[in-house]
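Notes for the structure review
Here are the chains, one letter per residue:
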Amino acid sequence: MDEIERIRQKKLEEMKARMEILKKGTKREATDSDFQENVIELSSKVPVVVDFWAPWCGPCLLLGPVLEKLADEYNGKFVLVKVNVGQSPAVSQKYGIMSIPSVKMFKNGKIVDEFIGAIPESAVRRWLDKNLKE
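Residues numbered from 1 in each chain as written. Predicted model: local features only at pLDDT ≥ 70, side-chain atom pairs only at ≥ 80, totals over all residues. Heavy atoms only, no water.

What follows deals with unusual backbone geometry. Following isoleucine 100, the chain continues to proline 101 via a peptide bond in cis, the omega torsion being -5°. The phi dihedral of asparagine 75 is positive, around 45°, even though this residue is not glycine.

Now the structure itself:
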């Protein structure tokens, strides 16, 4: 197989994988019981942005809609997974969540970057762009 055909095949496989991800949606929720599947395993196919939040947290309620809007806008370049810290204490403890909102990006099962607090949409966009570069 020549180099051009190899590249074409790789791009085709990436597009198929992205279409499968889009069928299931770019916004999901995870708990202690399904975090491995919905974050760790999925992050081997596409970057996963995890929003650790709680319904009583004012800054979380400001940041959440921004992340959801960007997940739609970026159209499959990442999947947003929301984790309610009150309902997922084991995962929250494992990842050292001390303040919320806490946002972490996973690639290939590992955290590659993170931020804490409700930051402006422009800052979230810059953070995403920096971390989604190929």
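Turning next to the pairing of strand β5 (residues 110-116). One ladder, built from 6 bridges, connects strand β4 (residues 102-107) with β5; its direction is antiparallel. Bridging across to β5, serine 102 finds its partner in isoleucine 116. Counting the residues that bridge the hairpin from β4 to β5 gives 2 residues, and of these asparagine 108 lies at a positive phi of roughly 50°. (Pairing = 2+ DSSP bridges. Helix = DSSP H or I, 4+ residues; strand = E, 2+ residues; numbered from the N terminus.)

Under the counting rule described, the total for this entry stands at 6 aromatic pairs. Taken together, the ring pairs connect Phe35, Phe52, Tyr95 and Phe106 into an aromatic cluster. Just above the ring of tryptophan 53 sits the side chain of lysine 82; from NZ or CZ to the centre is 5.1 Å. (Phe/Tyr/Trp six-rings, centres within 6.5 Å; stacked < 30°, edge-to-face > 60°. Lys NZ or Arg CZ within 6 Å of the ring centre and 35° of its normal.)

Inspection of every chain in the model, using the stated rule, returns 10 salt bridges. Measuring nitrogen to oxygen at the nearest pair gives 2.9 Å for the salt bridge that ties aspartate 72 to lysine 27. Of this pair, aspartate 72 sits in helix α3 (residues 58-73) while lysine 27 sits in strand β1 (residues 27-29), placing them 45 residues apart in sequence. Its relative accessible area of 43% is what places aspartate 72 among the partly exposed residues. Residue lysine 130 pairs with aspartate 113 through a salt bridge whose shortest N-O separation is 2.9 Å. Residue lysine 130 is located in helix α5 (residues 121-132), and its partner aspartate 113 is located in strand β5; the two are separated by 17 residues in the primary sequence. For aspartate 113, a relative accessible area of 18% translates into the label buried. What you see here is one network of salt bridges that share partners, running through Lys69, Glu73, Glu121 and Arg125. (Salt bridge = Lys/Arg side-chain N within 4 Å of Asp/Glu carboxyl O. Buried < 20%, exposed > 50% of the residue type's maximum accessible area, 1.4 Å probe, protein only.)

Remark: α3 packs on α5, axes separated minimally by 10 Å, with the N-to-C direction vectors making an angle of 45°. As judged from the angle between their axes, α3 and α5 are oblique. When you trace α3 past α5, the crossing you get is right-handed. Across the interface between the two elements, Leu63, Val66, Leu67, Lys69, Leu70 and Glu73 from α3 touch Glu121, Val124, Arg125 and Leu128 from α5. For the contact of α3 with α5, a count of residues per class yields 6 nonpolar, no polar and 4 charged. (Axes fitted to C-alpha atoms, helices over the stretch in contact; angles between N-to-C directions. Parallel < 35°, antiparallel > 145°, perpendicular 65-115°, else oblique. Left-handed = near helix turned anticlockwise from the far one by under 90°. Contact = heavy atoms within 4.5 Å. Nonpolar A, V, L, I, M, F, W, Y, C, P; charged D, E, K, R; others polar.)

It is worth spelling out the state of the cysteines at this point. The bond known as a disulfide is covalent and runs between the sulfur atoms of two cysteines. Considering all chains together, one arrives at 1 disulfide under this definition. There is a disulfide in this structure between cysteine 57 and cysteine 60, and the S-S distance comes to 2.4 Å. Handedness here is read from the sign of the S-S torsion; for cysteine 57 and cysteine 60, about 80°, the answer is right-handed. (Disulfide = S-S within 2.5 Å.)

Bringing α5 into the picture now. With 12 residues, α5 extends 16 Å between its outermost C-alpha atoms, agreeing within 8% with the 16 Å of an ideal straight helix rising 1.5 Å per residue. Of all the positions in α5, only Ala123, Val124, Trp127, Leu128, Asn131 and Leu132 are classed as buried. Seen along its axis, α5 keeps its buried residues to an arc of 155°; they face one direction. Away from its buried face, by an angle of more than 90 degrees, α5 presents the exposed residues Arg126 and Lys130. (Expected span 1.5 Å × (residues − 1). Arc of directions from axis to C-beta.)

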